[in-house]
Amino acid sequence: MAAPVPLPRPVTHLLFDMDGLLLDTERLYSAVFEDICGRYGKKYSWDVKSLVMGKKALEAAQLIRDTLQLPMSAEELVEVSQAKLKEVFPTAALMPDGLVLLKSPGRLLSLHTSHASHRHGNGSPLQHPCLQNPHGQAGCSPWSRRESDTTERLTQTSFILTMQLCLQPGLELLSPAWAGGFVTPEARGKSTCTVLWRRLLQSRVLGGVEKLIRHLRKHDVPCAVATSSGTASFQLKTSRHQDFFGLFHHVVLGDDPEVRSGKPEPDIFLTCARRFSPAPPANKCLVFEDAPNGVEAALAAGMQVVMVPDGNLKPDLTSKATLVLGSLQDFQPELFGLPPYD
Ligand SMILES: O=c1[nH]cc([C@@H]2O[C@H](COP(=O)(O)O)[C@@H](O)[C@H]2O)c(=O)[nH]1
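Right, let's walk through the structure included here. (Residues numbered from 1 in each chain as written. Predicted model: local features only at pLDDT ≥ 70, side-chain atom pairs only at ≥ 80, totals over all residues. Heavy atoms only, no water.)

### Remarks on the sheet that holds strand β1 (residues 13-16)
Thinking step 1. The strand order β8-β7-β1-β9-β10-β11 describes an open sheet built from six strands, whose pairing is parallel. Lying at the two open borders of the sheet, with one neighbouring strand each, are β8 (250-253) and β11 (323-324).
Thinking step 2. Pairing of β1 with strand β9 (residues 285-289), which is carried by four bridges, proceeds in the parallel orientation. Within β9, the residue paired with F16 across the bridge is F288.
Thinking step 3. The sheet strands contacting helix α13 (residues 292-300) are β9 and β10 (304-307), and the helix crosses β10 at an angle near 165°. (Pairing = 2+ DSSP bridges. Helix = DSSP H or I, 4+ residues; strand = E, 2+ residues; numbered from the N terminus. Contact = heavy atoms within 4.5 Å. Axes fitted to C-alpha atoms, helices over the stretch in contact; angles between N-to-C directions.)

### Observations regarding the environment of Y341
Thinking step 1. The residue Y341 is located in the segment after β11 in this model.
Thinking step 2. The exposure class of Y341 is partly exposed, given its relative accessible area of 26%.
Thinking step 3. Not counting the four nearest positions on each side in its chain, Y341 is found in contact with K211, L212, H215, F331 and P333. (Buried < 20%, exposed > 50% of the residue type's maximum accessible area, 1.4 Å probe, protein only.)

### A word on the packing of helix α1 (residues 26-39) against helix α4 (residues 74-88)
Thinking step 1. The interhelical angle for the contact between α1 and α4, taken along N-to-C directions, is 135°, at an axis separation of 10 Å. When the interaxial angle is binned, α1 and α4 end up oblique. As for the relative orientation of α1 and α4, their crossing is right-handed in sense. Residues L28, Y29, V32, F33, D35, I36 and R39 of α1 lie in contact with α4, whose contacting residues are L77, V80, S81, K84, L85 and V88.
Thinking step 2. In terms of residue class, the contact of α1 with α4 is made up of nine nonpolar, one polar and three charged. (Parallel < 35°, antiparallel > 145°, perpendicular 65-115°, else oblique. Left-handed = near helix turned anticlockwise from the far one by under 90°. Nonpolar A, V, L, I, M, F, W, Y, C, P; charged D, E, K, R; others polar.)

### So, the site of the ligand
Thinking step 1. Not every one of the 19 residues close to the ligand is listed here, only the nearest: D17, Y44, K49, T227 and K263.
Thinking step 2. A distance of 2.8 Å is found between an oxygen atom of the ligand and a side-chain nitrogen or oxygen belonging to K49.
Thinking step 3. At 3.0 Å, a backbone N or O of G54 approaches an oxygen atom of the ligand.
Thinking step 4. Against a free-state accessible area of 470 Å², the protein chains account for coverage of 98% of the ligand.
Thinking step 5. Elements supplying a minimum of two residues to the shell around the ligand: α1, α2 (46-52) and α3 (57-68).
Thinking step 6. With three residues, α1 is the largest single contributor of residues to the shell around the ligand.
Thinking step 7. Split by residue class, the shell around the ligand holds eight nonpolar, four polar and seven charged. (Near = heavy atom within 4 Å. Polar contact = N/O pair within 3.5 Å; in protein donor to acceptor, adjacent residues only side chain to side chain. Areas by Shrake-Rupley, 256 points an atom, 1.4 Å probe, with all protein chains shown as cover.)

Written out as structure tokens, the structure reads:
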């Protein structure tokens, strides 16, 4: 019989990864590497991507080059990819919630699709008193639907029925990324999209990422960012989000001299924890990650880790996380002894 999975333990300090967790940049990396690899008839699949996510740029390029046998050096791959990434990094948006937007003539409806299941890395649902929902199901928080600023609670079944009802002719499904603030160049030109976008911004409640960080800040919970991104990439990616990143106590970057080895080694999280004053012990730190390399790094540092994996990631790559969530918006701080939302 498998050993029982321990419940989350209380923590005092939170350490956040950036790409694919706070910022919706993984699809930018995918588009750029798919394009470069495609030129040589190679596929930048999620199997390859899962190996490189969270690594420093040169190590990542080396791995991609070796795995796909690209006819160029790792340094050349860094140069070619960085040239393209620099163009798109300034468009980086905060991570969208599990939102799907449905557009019908004259009306915008958004549905939260994140099923908010809380599970252990091994796949078993987390049984915790904090997770009892109004329908009495442990391990599954309610589905919600937002129409303008009214919030209704829906069960999973009624959500699916609503989706079916909505997806009739005349209704258009907009990409989740659109909800996160990233408007594609094609969409930008269309007046209907612009009007809908403006309406969405007006009626918008804070996205899960921002809501969580502002909540923690309000309650003086020390938070920091630990990202493998180098200084130049970080500045481009965060250029539109300086207020948001200003909420963190500090940021540790991949080219920091104290970060000798990248994820999956623990250096970046240990360095990040040391820079709080006073520095917390590792077992009082909770890391948030989307990448398997990041989860390994957090565990190697002796920290607990909440994983918010991309849906394309193979389920077995989430197995080591303390807790796995569908979206950061589903995080319940009280599970780790932190102040609950008001
Ligand atoms: O498809 C990819 N995703 C992510 C990376 C690497 O992962 C890092 C993301 O760092 P983090 O998750 O620690 O924010 C990027 O800087 C980049 O080097 C990559 O090369 N290719």
